[in-house]
Amino acid sequence: MAVPSVVLNNEVAIPQLGFGVWQVPAGDTAKVVRTAIETGYRSIDTAASYRNEAGVGEAIRSSDVPRDELFITTKLPNPGHGYDEALRAFDASLAELGLDHVDLYLIHWPMPARGKYVETWRALEKLYADGRVRAIGVSNFHVPHLRRLFDETGIVPAVNQVELHPRLQQKALREFHAEHGIVTEAWSPLTQGSLLSDATLTALAAKYGKSPAQLVLRWHLQLGTVAIPKSVTPSRIRENFDVFDFELAEDDLAALAEFDDGTRTGPDPDTFSS
Ligand SMILES: NC(=O)C1=CN([C@@H]2O[C@H](COP(=O)(O)OP(=O)(O)OC[C@H]3O[C@@H](n4cnc5c(N)ncnc54)[C@H](OP(=O)(O)O)[C@@H]3O)[C@@H](O)[C@H]2O)C=CC1
Ligand SMILES: O=C(O)C(=O)[C@@H](O)[C@H](O)C(=O)CO
């Protein structure tokens, strides 16, 4: 089944369902990513801070799928803020991945108290101008951080990857993104698993003959967000990809809207800086 794509603000297309590798042990990453690619995932989300870029690169090289059919995202580590530091961090990520370019490069966290994300963004603009990355974006940016980038630099981020799931639906941020042509990408799309045993969700999923994880991923697809679920379990990797043969009805989407209570599973971007 072909995964639908979302077109970024520079006409590059990103698959709407990808595969995340945070907390996948370095030694297992090549095998896990190979399973994902064999299942049909074409988009892989890693980061320098995950310390598993090398395994992602190994899986890409050993795959039968041509490089230009894959969409590889990695992220600038927090110590890489600053213009020269960011250029060096990008070189280090490419070396780990063993690639000559990535499809999407993101500033992982804004770290507003550090005060360097604008300067860092200028380095990403250079990487883009030099053709070393097909699109540039940010992660964990709030509206004031995005506004500063708009006001002080040239390129609007193609993507903002943020925590987003039924408990944290990010409606205001999604509306801001839509207004400015920024694609919303959802991290921890499955709430890191914590919501998947909820009784209401389980009952809703059963109506469609699907699992709670499939129901939540279908919700993401219908919301229009890009989702990047992670699993090291082959059966779950396949289960999470089997979400293109059903559609949630309006009243069930309304029931899912009720889960939004602002719960974060991860850090607050206004303060996270480690
Ligand atoms: N930009 C950022 O700051 C961040 C980005 N991310 C990105 O987002 C990706 C996904 O987020 P992540 O935090 O990993 O969490 P997810 O919401 O994807 O959930 C992953 C957890 O859910 C479990 N799981 C996966 N599928 C199923 C299923 N079908 N049924 C039951 N349990 C399931 C996994 O277990 P198991 O693996 O044991 O199968 C794992 O424990 C990351 O891997 C990373 O790429 C994540 C956090 C922050
Ligand atoms: O997974 C990521 O991309 C992250 O940034 C997380 O590791 C984040 O740093 C976190 O959740 C720390 O507890």
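Worth saying up front: this structure is predicted, and the values here are computed from it rather than measured. (Residues numbered from 1 in each chain as written. Chains lettered and ligands numbered in written order. Predicted model: local features only at pLDDT ≥ 70, side-chain atom pairs only at ≥ 80, totals over all residues. Heavy atoms only, no water.)

1. Observations regarding the pattern of salt bridges
Oppositely charged side chains are able to pair whenever their charged atoms sit close together.
In step 1: A full pass over the atoms with the stated rule returns 10 salt bridges.
In step 2: Here Asp91 ties to Arg132 by a salt bridge, and the two come within 2.9 Å at their closest N and O atoms. Of this pair, Asp91 sits in helix H3 (residues 83-97) while Arg132 is found in the loop between helix H4 (117-129) and strand E7 (133-139), placing the two residues 41 residues apart along the sequence.
In step 3: With relative accessibility at 37%, the residue Asp91 sits in the partly exposed group.
In step 4: Two residues, Asp242 and Lys210, come together in a salt bridge whose shortest N-O distance is 3.5 Å. Taken together, the residues span a long stretch of sequence, with Asp242 in the loop between helix H9 (234-239) and helix H10 (250-257) and Lys210 in the loop between helix H7 (199-207) and helix H8 (212-223) at a distance of 32 residues. (Salt bridge = Lys/Arg side-chain N within 4 Å of Asp/Glu carboxyl O. Helix = DSSP H or I, 4+ residues; strand = E, 2+ residues; numbered from the N terminus. Buried < 20%, exposed > 50% of the residue type's maximum accessible area, 1.4 Å probe, protein only.)

2. Overview of the UniProt feature "active site" (unreviewed entry) in the protein
In step 1: In the UniProt entry, the feature "active site" (unreviewed entry) is given for Tyr50.
In step 2: A relative accessible area of 16% places Tyr50 in the buried class. (UniProt positions renumbered as here; feature names shortened; annotations may be inferred.)

3. What about the site of ligand 1?
In step 1: The full set close to ligand 1 counts 29 residues, and Asp45, Gln161, Ser188, Ser231 and Thr233 are the nearest of them.
In step 2: Leu190 is positioned such that a nitrogen or oxygen atom in its backbone is 2.7 Å from an oxygen atom of ligand 1.
In step 3: Note that an oxygen atom of ligand 1 is positioned 2.6 Å from one of the side-chain N or O atoms of Ser231.
In step 4: Protein burial of ligand 1: of its 900 Å² of free accessible surface, 88% is covered by the chains.
In step 5: Its residues assigned to classes, the shell around ligand 1 shows 12 nonpolar, 12 polar and five charged. (Near = heavy atom within 4 Å. Polar contact = N/O pair within 3.5 Å; in protein donor to acceptor, adjacent residues only side chain to side chain. Areas by Shrake-Rupley, 256 points an atom, 1.4 Å probe, with all protein chains shown as cover. Nonpolar A, V, L, I, M, F, W, Y, C, P; charged D, E, K, R; others polar.)

4. Points about the site of ligand 2
In step 1: The environment of ligand 2 is formed by Trp22, Tyr50, His108, Trp109, Pro267 and Phe272.
In step 2: Trp22 places a side-chain nitrogen or oxygen 3.1 Å from an oxygen atom of ligand 2.
In step 3: Residue Trp109 places a side-chain N or O atom 2.9 Å away from an oxygen atom belonging to ligand 2.
In step 4: Of the residues in the shell around ligand 2, the class split is five nonpolar, one polar and no charged.

5. Focus: the packing of aromatic side chains
In step 1: Overall, the coordinates contain nine aromatic pairs when judged by the stated rule.
In step 2: Between Tyr41 and Phe241, the ring centres sit 4.8 Å apart and the planes meet at 50°, which makes this aromatic pair tilted. Of this pair, Tyr41 sits in the loop between helix H1 (26-39) and strand E4 (43-45) while Phe241 sits in the loop between H9 and H10, and the two are 200 residues apart along the sequence.
In step 3: Under the relative-accessibility criterion, Phe241 is labelled buried at 8%.
In step 4: Seen in terms of ring centroids, Trp109 and Phe272 are 4.4 Å apart; in terms of plane orientation they differ by 55°. Their pairing is tilted. In this pair, Trp109 is assigned in the loop between strand E6 (102-107) and H4 and Phe272 in the segment after H10, connecting sequence segments 163 residues apart. (Phe/Tyr/Trp six-rings, centres within 6.5 Å; stacked < 30°, edge-to-face > 60°.)

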